[in-house]
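The lines below spell out each chain.
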Amino acid sequence: MNQFFITGTDTDAGKTHVTSLLLKLLAQHKKRAIGFKPIASGCEMAFEQLVNADALMLMESATVSAKYDIINPFAFAPPIAPHIAAEQAGLNITVEKLSMAYQHVKQQGADYLLTEGAGGWALPINNNEYLYDWVKAEQLPVILVVGMKLGCINHALLTAAHMQNMGVNCIGWIANQVDATMDEYQANLDSLKTRLPFPLLAISPYTEQTPKLQIYKTLLEKLSINP
Ligand SMILES: Nc1ncnc2c1ncn2[C@@H]1O[C@H](COP(=O)(O)OP(=O)(O)OP(=O)(O)O)[C@@H](O)[C@H]1O
Ligand SMILES: C[C@H](N)[C@H](N)CCCCCC(=O)O
Ligand SMILES: [Mg+2]
């Protein structure tokens, strides 16, 4: 099974936007793919349960379906840091519980499993564990979504350095143009291309119409898709 963890330089970097595009790319190549949003805050009540727009978007883009609770096992209403929301709800998210939930997703029969993180790379899940501890435990290859806006260089380089220190395999990054007015966008993109220790896999241009990915061959190779 091809498994990937999609992280971002920050909340609102475009993890959902890009993960949904990756799922649609896999669908175009007739792959059986499913999305997983283990932890979500900012959820709303619908049909008597808390649901999250990210998880719904991943479900809509996937070719393999599953019950909502399998796709998003930890859902919290307040749009705040999930470990705080969990504490307020009297819940304790742990690496072990995330792995148990992940087993259920793996049993849905997909060949590709794309997990979207929450917030940025260093996301606390309880008083002493982070979401990246689970990524490390599952040995998931990571794709970093860089939200292209002023300040993203620092976020991207710090995230890359931390992943390297942890021995996490980041297979590449995707530039997501969240800010259509970013000054010197190309110069920032070039700076990141020279400084990040893994390849640029695709560019997701700013769009208010149909989102699309400008794909580099490396992305297809990493996804084991023949061009
Ligand atoms: N390339 C883009 N063009 C236009 N709008 C975008 C683009 N990428 C993201 N957005 C918008 O920016 C907002 C944040 O994107 P998104 O929800 O994908 O971020 P995220 O990293 O998943 O956030 P979270 O941390 O809440 O999961 C959304 O409203 C999304 O529609
Ligand atoms: C509510 C928001 N959209 C995200 N789902 C959660 C963002 C968590 C950010 C934690 C932090 O401050 O780094
Ligand atoms: Mg998201």
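An account of the accompanying structure is given in this report. (Residues numbered from 1 in each chain as written. Chains lettered and ligands numbered in written order. Predicted model: local features only at pLDDT ≥ 70, side-chain atom pairs only at ≥ 80, totals over all residues. Heavy atoms only, no water.)

Things to note about the site of ligand 1
Phase 1 of the analysis: Among the 18 residues in the neighbourhood of ligand 1, the closest are listed as Thr11, Lys15, Thr16, His17 and Asp54.
Phase 2 of the analysis: Between ligand 1 and Asp54, the relevant distance is 2.8 Å, taken from an oxygen atom to a side-chain nitrogen or oxygen of the residue.
Phase 3 of the analysis: Residue Glu116 places a side-chain N or O atom 3.1 Å away from an oxygen atom belonging to ligand 1.
Phase 4 of the analysis: Of the residues forming the shell around ligand 1, the biggest block, three residues, is contributed by helix H1 (residues 15-28).
Phase 5 of the analysis: The residue makeup of the shell around ligand 1, split by class, is four nonpolar, nine polar and five charged. (Near = heavy atom within 4 Å. Polar contact = N/O pair within 3.5 Å; in protein donor to acceptor, adjacent residues only side chain to side chain. Helix = DSSP H or I, 4+ residues; strand = E, 2+ residues; numbered from the N terminus. Nonpolar A, V, L, I, M, F, W, Y, C, P; charged D, E, K, R; others polar.)

Comments concerning the sheet that holds strand E7 (residues 112-116)
Phase 1 of the analysis: Taken together, seven strands build an open sheet; the order of strands is E2-E7-E1-E8-E9-E10-E11 and the sheet is mixed. Looking at the sheet topology across the chains shown, the edges are occupied by strand E2 (33-36) and strand E11 (214-215).
Phase 2 of the analysis: Here strand E1 (residues 2-8) pairs with E7 via five bridges, running parallel. Each residue of the ladder has a partner; that of Phe4, found in E7, is Leu114.
Phase 3 of the analysis: Taken strand by strand, H1 contacts E1, E2, E7, strand E8 (142-147), strand E9 (170-176), strand E10 (200-204) and E11, and its axis lies near 170° from that of E7.
Phase 4 of the analysis: Sitting on the sheet, helix H8 (residues 185-195) is in contact with E8, E9 and E10, with an inclination near 175° to E9. (Pairing = 2+ DSSP bridges. Contact = heavy atoms within 4.5 Å. Axes fitted to C-alpha atoms, helices over the stretch in contact; angles between N-to-C directions.)

Overview of the packing of H1 against helix H2 (residues 53-61)
Phase 1 of the analysis: Running from N to C, H1 and H2 point in directions that differ by 15°, and their axes come no closer than 8 Å. Relative to H2, H1 is oriented roughly parallel. Remark: the crossing between H1 and H2 carries right-handed chirality. In this structure, H1 contributes Thr16, Thr19, Ser20, Leu23 and Lys24 to the contact, and H2 contributes Asp54, Met57, Leu58 and Ser61.
Phase 2 of the analysis: When the residues that make up the contact of H1 with H2 are grouped by side-chain class, the tally is three nonpolar, four polar and two charged. (Parallel < 35°, antiparallel > 145°, perpendicular 65-115°, else oblique. Left-handed = near helix turned anticlockwise from the far one by under 90°.)

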